[in-house]
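Close look at the chain arrangement
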Amino acid sequence: MKTRIGWFGSIDEMGKPDALRRVREEMGLNTIIPESHLCHTSGFRVSPGVTAVSPVEGWRAQPTLDAHRQMHRLPPEAFAVLPGVVSGWDDSVFLKVLDEAHGLGIDVWGHIGVWSYGGSVFPDLEMRDLDGTLVSAGDTRWGVPFCPSKKRLNDWIAACIADIVKRYAMVGLHMDHARYAPPAAFHILFGCGCADCEAEAGRMGYDFQGMKRGLLRLRQRVQSLDAGRVRKALGGGTGFFDALAALEHDYQVLSWFKFRCDLLTARMRQFREAAEGA
């Protein structure tokens, strides 16, 4: 199997004169994953037909955009941090880097994001907690995720993938921002609780209302924990999920996390099939 020595980083740095050749010679570079801090992809231009079905194309006119920009400290010229590929980007820099990489025998993987950020720009697609409240009402230091069960969003992301795979000579895709919950945002572990996620759980054979009751009981218990009870729960080498089950005395909480894993697996399968089909 080929050993990959890759560079995931700024396309502006990769596009500097002789940068790829120098890193290839000095470090054995054979793969790059370019990313622009302004458009948050590798710098793709999307086809008009894909733009026409985008549920997030109107991001520039959203009243929540200013708060999103402040949250992520975005410069005025930057796009919102959104899934997929939105219109309006000039792909000339990416095409230049792509050509140079191919000339040097370096593989190129594309970069796009999915759910973890930008949900607050489109509240109708934003993740909700188990009480039905938008997660942007809580701690947003780590970003506001989209709900991963919105079919029109996921179908459009799949269409973006098929589009860029057909039009750019890449050997792979790096699916970024693909966490169900951003890191360290504890309250988002208790979501998404929207009707689409409930329906998806039912299709997968999970008892959504049972999981919800278990999670709400767990939340009450966690709120009443003191240091002694935490030490007891984690004593004897007990892992995090074992501790959750011990606190709850049933496995609805574990079923919830398994459902989340299965949900992400199904979506990633959809995206992989879109790429391979293209």
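Everything in this summary refers to the structure shown in the same document. (Residues numbered from 1 in each chain as written. Predicted model: local features only at pLDDT ≥ 70, side-chain atom pairs only at ≥ 80, totals over all residues. Heavy atoms only, no water.)

Some remarks on the packing of helix α6 (residues 151–167) against helix α11 (residues 252–277)
Between two packed helices, the angle of one axis relative to the other and the distance separating the axes together describe the packing. Two elements in contact, α6 and α11, have axes whose closest approach is 8 Å; the angle formed by their N-to-C orientations is 30 degrees. As judged from the angle between their axes, α6 and α11 are roughly parallel. In terms of crossing hand, the pair formed by α6 and α11 is right-handed. Within the contact between the two elements, α6 uses N154, D155, I157, A158, I161, A162 and V165 and α11 uses R267, Q270, F271, A274 and A275. Split by residue class, the contact of α6 with α11 holds 8 nonpolar, 2 polar and 2 charged. (Axes fitted to C-alpha atoms, helices over the stretch in contact; angles between N-to-C directions. Helix = DSSP H or I, 4+ residues; strand = E, 2+ residues; numbered from the N terminus. Parallel < 35°, antiparallel > 145°, perpendicular 65-115°, else oblique. Left-handed = near helix turned anticlockwise from the far one by under 90°. Contact = heavy atoms within 4.5 Å. Nonpolar A, V, L, I, M, F, W, Y, C, P; charged D, E, K, R; others polar.)

With respect to helix α5 (residues 92–103)
The first and last C-alpha atoms of α5 sit 17 Å apart over 12 residues, in line with the 16 Å expected at 1.5 Å per residue. Within α5, the full set of buried residues consists of F94, V97, L98 and A101. Buried residues of α5 fall within an arc of 105 degrees about the axis and therefore sit on the same side. For α5, the exposed residues set more than 90 degrees away from the buried face come down to D99 and G103. Where the residues of α5 are buried, they touch α1 (11–14), α2 (19–27), β2 (31–35) and β3 (107–113). Immediately downstream of α5, the backbone of G105 shows phi near 75 degrees, a positive value. (Expected span 1.5 Å × (residues − 1). Buried < 20%, exposed > 50% of the residue type's maximum accessible area, 1.4 Å probe, protein only. Arc of directions from axis to C-beta.)

Comments concerning α6
Over its 17 residues, α6 extends 24 Å from the first C-alpha to the last, a length consistent with the 24 Å expected when each residue adds 1.5 Å. Among all positions of α6, only L153, N154, W156, I157, A158, C160, I161, A162, D163 and I164 are buried. Where α6 is buried, its residues contact α3 (48–52), β3, β4 (172–176) and α11.

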